[in-house]
Amino acid sequence: MRFFRLLARVSVTFVTLLTMAMPATVAPAQEAPPASQAQVQAGNAESGESYTLPPEKLAKAIALSRFRNIMDIAGSLWGIAVAWLLLATGAAAGLGRWAERVFHSRWLQGLLFFAALIVILTFAGLPLDALSHHMSRSYGISVQGWGSWLDDQGKTLLLTIILGSLVMLLFQWIVRVSPRRYWLWCWVITLPLIVASTLAEPLLEPLFNRYEPLSKHHEALVAKLEEVVARTGTNIPPSRMFLMKASEKSNGLNAYVTGVGATKRYVMWDTATDRLPDDEIMFIFGHESGHYVLNHIPKMLAGFALGLFFIYWACAKYAGWLARRRGAQWGLPEEHALASRAGFVVLLFAISVAGLIIEPAANTFSRHFEHEADVYGQEAIHGLVPDPQQTAVKGFNALGEAWLEDPNPNPLIEFWEYSHPSVKNRANFAAHYDPWANGGHGRFFEH
Ligand SMILES: [Zn+2]
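Here, residues in each chain are numbered from 1, in the same order as that chain's written sequence. Whole-chain, interface and lining totals are the exception, using all residues; otherwise, since this is a predicted model, local features are given only for residues with pLDDT of at least 70 and side-chain atom pairs are given and counted only at 80 or more. To obtain the side-chain values, all non-hydrogen atoms of the structure were included, while hydrogens and water were left out.

(A) How the structure looks around the overall build of the chain. Looking only at helices and strands, the chain has 15 helices and 4 strands in total. Sorting the 447 residues of the chain into buried and exposed places 55% on the buried side. Contact between two residues is taken to exist if any of their heavy atoms lie within 4.5 Å; hydrogens are not considered. Considering only contacts in the chain between residues 6 or more positions apart, those separated by 24 or more positions represent 78%. The Shrake-Rupley method, run with a 1.4 Å probe sphere, supplies the accessible areas, and residue values consider only the shown protein chains as cover. Approximately 19100 Å² of the chain is accessible, and the part contributed by carbon and sulfur atoms is 63%. Helix and strand assignments follow DSSP, with helices taken as H or I runs no shorter than four residues and strands as E runs no shorter than two, numbered in order from the N terminus. Under the scheme applied here, a residue whose accessible area is under 20% of the maximum for its type counts as buried, over 50% as exposed, and between as partly exposed, the area being computed with a 1.4 Å probe on protein chains only.

Below, the structure is given as C-alpha cells:
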C-alpha cells in the first residue's frame with residue numbers, strides 16, 4: 001500500500017513529509033499481483049520455485065534489479081551528501097542571509113528560504129530521477145514521454161514548495177520557541193500531519209493521473225469484487241472503487257488502497273484490469289482488503305509514532321553535537337545554532353542519516369504486514385474462485401514479469417530495501433498455502 005511508502009518517506013526527512021503527492025510510478029509498488037501467460041504453473045517442478053521468468057526476461061530482470069538496488073542506496077547517500085555540502089560550502093548560511101536581504105518579515109524570509117531549499121534539493125536529485133526514468137523506459141516498463149514526465153516533476157515540485165515550506169516554517173518556529181524540547185513538540189505535531197497527508201492524498205492524485213469509477217468500465221468485475229466484500233465483511237461500496245488510467249504512463253501492474261475515512265478508496269490500474277483475469281483481481285482486492293480488516297494502518301502509525309519519538313530525540317542530540325563541533329565552520333550563530341535557518345539544514349541532515357539507518361526496520365514491519373495481507377487475500381477468495389493457490393501464484397508471476405522482478409534477489413538486499421517480500425517468496429508461500437486441506441480452516445476466516 002502506498003501509505004507505507006508515505007510513512008517510510010515521512011520518517012526519512014521532513015521535506016518528504018510534503019511529497020505525498022509524488023506519483024508512485026518510479027518504483028514498482030508491487031501491490032498488485034498481475035496476470036500472466038503460459039509459462040506460469042503453480043510451482044515449477046524442476047527448480048521448486050513458483051516464480052519463474054523466460055530466459056530473455058530473466059537476464060533483463062537481473063540487470064534492472066541491480067540498477068534499482070544501486071539507485072536506492074545511491075539516492076539515499078546523495079540526499080545526505082547534498083545536505084552536508086549545503087552546510088560545508090556555507091551555501092545554507094548564505095541562503096539564509098539572502099532571504100534576510102530580500103524580505104523584512106521574518107515569516108516571509110522563512111518561506112523564501114525553505115522554498116529555495118526545496119528547489120535546490122529537488123534539482124540535486126533530478127539527474128538520478130531522470131536516469132531511473134530513462135532505465136524504466138528502456139526496459140519497457142514506463143511508456144511515459146519526457147514531456148509528460150517533466151510536467152509531473154514540475155507539479156510535484158510546486159506542491160512540495162507550497163506544502164513543504166509551510167510545514168518546515170512551522171517546525172523551525174518550534175525549534176526557535178523551544179530550543180530544548182523542540183524535538184518533542186515536532187513529534188507531537190508530526191502525527192496529525194501524517195494523518196492529514198493520508199487524508200489528502202486521494203485529493204491530490206488526480207493532478208497526476210486520471211481516475212474513473214471502476215463500475216463504468218468493468219461492471220461484471222465490480223459484481224465479483226462485491227462477493228469478496230461480502231465475505232470479508234468490509235464496507236467498500238462500488239462508489240469507492242476507482243480505475244486509474246495508468247496505461248498512459250506504464251506497463252506495470254498495480255492496485256492500492258489509499259485515503260482514510262471519507263477519502264478511503266480502492267484503486268486498480270487499468271493495465272491490471274485489461275490484462276488480468278477476474279480471479280486474480282479478486283485476489284489482489286482481497287489482499288488490499290486485508291490491510292484494512294487487519295488494521296495495518298493504525299498499527300503502522302502506532303509503530304512509527306513510537307519509533308519517531310526516539311528518532312527525533314536522537315536526531316536532536318546528533319544535530320546539537322554537529323552544530324557545536326562544526327557550527328563556526330558552517331556559518332551558524334553561536335547561540336541557539338539550530339534555531340537559525342541554516343541550523344535547520346543540520347536537522348535535515350541528521351534526519352536523512354537516521355532515515356538510512358531505520359529503513360531496514362521500517363521495511364521489516366512493512367513486509368510482515370504485506371505477508372499477512374497475502375494470507376488474508378488468499379483466504380478471502382477461498383470458495384469464490386476454483387483454486388486460490390493457483391490464482392495467487394499466477395498473479396504473483398504476472399506481477400513479477402510486468403515489473404521485471406528478480407526471481408532470486410539477494411536476501412540482504414531484500415531485508416534492507418524491500419517493502420514487500422520478494423515475488424519469489426510470495427509466490428512460493430502461496431503455492432504451498434492450503435489450510436483447507438484435511439478439513440482445516442484459515443487464520444482469518446472460519447471456513
Ligand atoms: Zn499490500
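(B) Fine view of a nonpolar patch on the surface. Here the term patch refers to residues with relative accessible area over 30% and no salt bridge, with like charges joined within 9 Å and nonpolar side chains (Val, Leu, Ile, Met, Phe, Trp, Tyr) within 5 Å. In what follows, salt bridge is the name for a side-chain nitrogen of Lys or Arg lying within 4 Å of a carboxyl oxygen of Asp or Glu. A surface patch of nonpolar side chains, amounting to about 320 Å² of accessible area, comprises Trp98, Val102, Phe103 and Leu108. Within the secondary structure layout, Leu108 lies in helix α4 (residues 106-138). Taking the relative accessible area as the measure of exposure, Leu108 reaches 39% and is therefore partly exposed.

(C) Up close: the sheet that holds strand β4 (residues 265-269). Pairing is mixed in the open sheet, where 4 strands are placed in the order β1-β2-β4-β3. Each having just a single partner strand, β1 (211-213) and β3 (255-258) make up the two edges of the open sheet. Neighbour-to-neighbour, the strand axes of this sheet turn through a mean angle of 30°, independent of strand direction. Strands are labelled as partners when DSSP assigns at least two bridges between them. Examined bridge by bridge, β3 and β4 share 4 bridges and lie antiparallel to one another. Residue Ala255 lies in a different strand from β4, and its bridge partner there is Met268. Interaxial angles span 0 to 180 degrees and are taken between N-to-C directions of axes, which are lines fitted to C-alpha atoms, for helices over the stretch in contact.

(D) Quick peek at the pattern of salt bridges. Taken as a whole and assessed by the stated rule, the structure comprises 12 salt bridges. In this structure, the salt-bridge partner of Asp151 is Lys155, at a minimum N-O distance of 3.7 Å. With Asp151 and Lys155 both in helix α5 (residues 146-177) and 4 residues apart, the pair spans about one turn of that helix. What makes Asp151 partly exposed here is its relative accessible area of 44%. Note that Lys245 and Glu212 form a salt bridge whose closest N and O atoms lie 3.7 Å from each other. Remark: Glu212 occurs in strand β1 and Lys245 occurs in the loop between β2 (241-244) and β3; sequence separation between them is 33 residues.

(E) Representation of the packing of aromatic side chains. When the centres of two rings from Phe, Tyr and Trp lie within 6.5 Å, Trp using its six-membered ring, the rings pair. Their planes under 30 degrees apart give stacked, over 60 give edge-to-face, and anything left gives tilted. Enumeration over the complete set of coordinates arrives at 18 aromatic pairs. Consider the rings of Trp84 and Phe349, whose centres lie 5.3 Å apart with planes at 50°: the pair is tilted. Here Trp84 is found in helix α2 (residues 55-88), whereas its partner Phe349 is found in helix α12 (residues 341-380), with 265 residues between them in sequence. Judged by relative accessible area, Trp84 falls into the partly exposed class, the value being 27%. Residue Phe349 is classed as buried on the basis of its relative accessible area, which comes to 6%. Between Trp187 and Phe309 the ring centres are 5.0 Å apart and the planes differ by 80°, which places this aromatic pair in the edge-to-face class.

(F) Examining α5 more closely. What a helix should span is 1.5 Å times the count of its residues minus one. With 32 residues, α5 ought to run about 46 Å at 1.5 Å a step, and its terminal C-alpha atoms sit 45 Å apart, in line with that. By definition, a residue's bend is the angle between the axes fitted to the seven residues ending there and the seven starting there. The largest bend along α5 reaches roughly 25° and is located at Gly164.

(G) Region of the structure containing the environment of Arg426. The topology assignment puts Arg426 in helix α15 (residues 423-432). Its relative accessible area of 2% is what places Arg426 among the buried residues.

(H) Just the packing of helix α13 (residues 388-403) against α15, in detail. Two elements in contact, α13 and α15, have axes whose closest approach is 8 Å; the angle formed by their N-to-C orientations is 165°. Here α13 is positioned roughly antiparallel relative to α15, judged by the angle of their axes. Note on packing geometry: the crossing formed by α13 with α15 is left-handed. Of the residues in α15, those in contact with Gln389, Ala392, Val393, Phe396, Leu399 and Gly400 of α13 are Val423, Arg426, Ala427, Ala430, Ala431 and His432. Throughout this description, any angle smaller than 35 degrees is read as roughly parallel, any larger than 145 degrees as roughly antiparallel, any in the 65 to 115 degree range as roughly perpendicular, and the remainder as oblique. Should the near helix be turned counterclockwise from the far one by less than a right angle, the crossing is left-handed, whereas a clockwise turn marks it as right-handed.

(I) Looking closely at the packing of α4 against α5. The contact between α4 and α5 brings their axes to 8 Å, and the two run at 145°. Here α4 and α5 pass one another in a crossing that is right-handed. Classification convention: Asp, Glu, Lys, Arg as charged; Ala, Val, Leu, Ile, Met, Phe, Trp, Tyr, Cys, Pro as nonpolar; all other residues, Gly among them, as polar. Taken together, the residues of the contact of α4 with α5 break down into 17 nonpolar, 9 polar and 4 charged.

(J) Representation of the environment of Ala115 within the structure. Looking at the secondary structure, you find Ala115 in helix α4. It is 5.6 Å that separates the C-alpha atoms of Ala115 and Ser165, two residues lying 50 residues apart in sequence. When sequence neighbours within four positions are dropped, the list of residues in contact with Ala115 reads Ile161 and Ser165.

(K) Main features of a positive patch on the surface. A surface patch of positive charge is lined by Arg180, Arg181, Lys317 and Arg324. Classification of Arg181 by relative accessible area gives partly exposed; the value is 47%. Counting rule for charge: Lys and Arg are taken as positive, Asp and Glu as negative, and neither His nor the chain ends is counted. Charge coordinates come from a single atom per side chain, which is NZ of Lys, CZ of Arg, CG of Asp or CD of Glu.

(L) Up close: helix α11 (residues 296-330). For α11, built from 35 residues, the straight-helix expectation of 51 Å at 1.5 Å per residue is missed by more than 12%, its first-to-last C-alpha distance being only 43 Å. Considering bend angle alone, the principal kink of α11 is centred on Arg324 and spans about 50°. Looking one or two residues beyond α11, the residue adopting positive phi is Gly331, at roughly 75°.

(M) Spatial organisation of the layout of surface pockets. Grid points spaced at 1 Å and placed over the protein atoms alone form the basis of the search, with a cavity being a set where a 1.4 Å probe fits but cannot get out and a pocket an open set showing protein on both sides within 12 Å along at least five of seven lines. Lining residues have an atom within 4 Å of a point. Grid points are joined across faces, edges and corners, and a volume is the space filled by probe spheres set on the points. Roughly 500 Å³ of internal volume is contained in the largest pocket. Together, 18 residues line the largest pocket, and Pro179, Arg180, Tyr182, Gly320 and Leu338 are the ones closest to its centre. Elements that contribute at least two residues to the lining of the largest pocket include exactly α6 (182-204) and α11. Tallying contributions element by element places α11 first for the lining of the largest pocket, with 6 residues.

So yeah, pure geometry; function would need other evidence.
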